[in-house]
Amino acid sequence: LRLDYLADTQTMELKLIGGELDWVGMHDVTIAKYPLYKENEAQGKYVTGDYLSCMTDRYTLYPRRTLANDPVLEEIVNHPNWSRALSVAIDREEINEGLFFGQARMGQMAPMPNSSYFKEKYGTAWAQYDPDLANELLDEIGLTERDGEGYRLRPDGQTLSYAIEHAGIRVGASVHEFTEMITTYWREIGIEATTKEIDEALYSERMQANEVQCGIWHADRCTDMLLPIQMQWYVPVGGNSQGNVSTAWQQWYVAEDKEAEGIVTPPEEIQQLFAWVDEMRAVIDDDERVAIGQKIFDYLADKPLAIAVVLESPCPLIFNKNMRNMPRPKVPIGWDSYGINTYHPAALFYEGGQRA
């Protein structure tokens, strides 16, 4: 087995079209490039697989609830209407048509539809496109005053600006286009939204320091394989700093001494979410575990912490056309399946012993 590290996706695509690659994995493929893959199958001597993504293209925004240097903005984003308004301001179908050729199933932050934890309302909660409602929700917070350019003013008189930071291709191949579209929607409801790419190490460092206003990652751990074990995208219980709504709440959850200096106590509602996570990890019966987990998702359907856009999308893995024993169509591919590791890649073989 030889793994090639390439500096950018453009180089990968050239090698793919030239027939140099036997397999292109979950971090590199995207439904946004589906026409490119299909148009070059014959030349590249490969097939484009038909799988479901539980990672790539599932862009999820994380409005941060604890901000190190901006208590005024922190108070604004902790109002339940903030995430509701940001969510309904997004035209998910336009994103679907513009980036994913209409092939994705759009929706709110939720388990994948094939999960035992999924309810239809989880995927539709605050996922409709309704900029009028978004404006009403922000008005209810008290953000009614505007500056000369039409942007809302904060209680301290400053323009309400909001920054999305991301780690580029590490999040997904279309993250630049996606975040630009998001900032456009948010500007239309009076928020001076911006976006920029930063190095992943710096992104992680800023997330840990509660300096990122809005982060973004691809919410994996969304199938029954990993969801009950690693709930970190839904509730900030720890695990990493790629995507969560509060590193400070995460630190409280894992702290042995929750009264120690510097520890920030989260609201009681968030503490209840943590308690349900602990219950999920303690019970033996699967049905009981699912019932407890759905209490978490019932809460998030009403008061979303993170904001997702894609509920489910195709995952067009690419294999040399002579390869056999590939995963069957429509199975989830992503971090939950550790790529294709749960589908026995050691049993892959070339028909006739030769790659095409």
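Residues numbered from 1 in each chain as written. Predicted model: local features only at pLDDT ≥ 70, side-chain atom pairs only at ≥ 80, totals over all residues. Heavy atoms only, no water.

## Describing empty space enclosed by the protein
This structure, assessed with the given rule, holds two cavities of 30 Å³ or more. By volume, the largest cavity is sized at about 80 Å³. Contributing to the lining of the largest cavity are Gln-108, Met-109, Tyr-122, Trp-233, Tyr-234, Phe-297, Leu-300, Ala-301, Pro-304, Leu-305 and Ala-306. Ranked by residue count, the leading element in the lining of the largest cavity is helix α13 (residues 286-302), at three residues. Grouping the amino acids of the lining of the largest cavity by side-chain chemistry returns 10 nonpolar, one polar and no charged. What the second largest cavity holds in volume is close to 30 Å³. Lining the second largest cavity are Met-26, His-27, Met-55, Thr-56, Ile-169, Arg-170, Val-171, Gly-172 and His-218. (1 Å grid on protein atoms, 1.4 Å probe; cavity = no way out; pocket = protein on both sides within 12 Å on 5 of 7 lines; lining within 4 Å. Points joined across faces, edges and corners; volume = space filled by probe spheres on them. Helix = DSSP H or I, 4+ residues; strand = E, 2+ residues; numbered from the N terminus. Nonpolar A, V, L, I, M, F, W, Y, C, P; charged D, E, K, R; others polar.)

## Looking at the pattern of salt bridges
Oppositely charged side chains may form a pair once their charged atoms are brought near each other. If you walk through the whole model with that rule in mind, you get 20 salt bridges. The partner of Glu-41 in a salt bridge is Lys-38, and the shortest N-O contact between them spans 3.2 Å. Accessibility expressed as a relative area gives 35% for Lys-38, which makes it partly exposed. Of the charged contacts in the structure, one is a salt bridge between Arg-289 and Asp-286, with a shortest N-O distance of 2.7 Å. Taken together, the positions of Arg-289 and Asp-286, both in helix α13 and three residues apart, correspond to about one turn of that helix. Overall, Arg-289 belongs to the buried group, its relative accessible area being 16%. Using a relative accessible area of 52% as the deciding quantity, one classes Asp-286 as exposed. Here the salt bridges share partners, and the residues they tie into one network are Asp-70, Arg-154 and Asp-156. (Salt bridge = Lys/Arg side-chain N within 4 Å of Asp/Glu carboxyl O. Buried < 20%, exposed > 50% of the residue type's maximum accessible area, 1.4 Å probe, protein only.)

## Here's the deal with the layout of surface pockets
Put simply, the largest pocket is a space of about 1300 Å³. Considering the residues around the largest pocket, the lining is formed by 31 residues, among which Leu-3, Asp-4, Trp-23, Gly-25 and Asp-28 are closest to the centre. Looking at the lining of the largest pocket, the elements that each hand over two or more residues are α1 (9-17), β1 (23-24) and β14 (349-350). The leading source of residues in the lining of the largest pocket is α1, at three residues.

## Quick word on the packing of helix α11 (residues 247-254) against helix α12 (residues 268-282)
For the pair α11 and α12, interaxial distance at closest approach is 11 Å and the crossing angle is 50°. Comparing their axes, α12 and α11 come out oblique. Classified by chirality, the crossing of α12 by α11 is right-handed. Packed against α11, whose contacting residues are Trp-249, Trp-252 and Tyr-253, the element α12 presents Ile-270, Gln-271, Phe-274, Val-277, Asp-278 and Arg-281 at the interface. (Axes fitted to C-alpha atoms, helices over the stretch in contact; angles between N-to-C directions. Parallel < 35°, antiparallel > 145°, perpendicular 65-115°, else oblique. Left-handed = near helix turned anticlockwise from the far one by under 90°. Contact = heavy atoms within 4.5 Å.)

## Focus: the sheet that holds strand β3 (residues 51-53)
If you walk across this open sheet you meet the four strands as β5-β10-β3-β13, and the pairing is mixed. Looking at which strands have only one partner, the edges of the open sheet turn out to be β5 (105-106) and β13 (332-333). Looking at chain direction, β3 and strand β10 (residues 310-315) are connected through three bridges and run antiparallel. Paired with Leu-52 across the bridge in β10 is Pro-314. (Pairing = 2+ DSSP bridges.)

## Quick word on the pairing of strand β6 (residues 161-166)
Of all six residues in β6, five are buried; the element is thus mostly enclosed. For β6 and strand β7 (residues 192-197), the ladder comprises six bridges, and the chain directions are parallel. Bridging from a neighbouring strand, Glu-165 pairs with Lys-196 of β7. For the handedness criterion, the β-α-β arrangement of β6, helix α9 (residues 175-187) and β7 is classed as right-handed. (Right-handed = clockwise from strand over helix to strand, strands pointing away.)

## Examining the packing of aromatic side chains
Evaluation of the coordinates by the stated rule reveals 12 aromatic pairs. Between Trp-82 and Tyr-162, the aromatic rings sit 5.1 Å apart at their centres with planes inclined by 80°, giving edge-to-face as the arrangement. Of this pair, Trp-82 sits in helix α5 (residues 80-88) while Tyr-162 is found in strand β6, placing the two residues 80 residues apart along the sequence. For the pair shown, Trp-82 and Tyr-162 are each scored as buried. On the numbers, 6.0 Å between centres and 50° between planes, the contact of Tyr-162 with Trp-186 is tilted. Here the residue Tyr-162 occupies a position in strand β6, and Trp-186 occupies one in helix α9, the gap between them amounting to 24 residues. Both residues of the pair, Tyr-162 and Trp-186, count as buried. Linked through ring pairs, Trp-82, Tyr-162 and Trp-186 together constitute an aromatic cluster. A cation over a ring is seen here: Lys-258 above Trp-252, with NZ or CZ 4.6 Å from the ring centre. (Phe/Tyr/Trp six-rings, centres within 6.5 Å; stacked < 30°, edge-to-face > 60°. Lys NZ or Arg CZ within 6 Å of the ring centre and 35° of its normal.)

Structural measurements only, silent on function.
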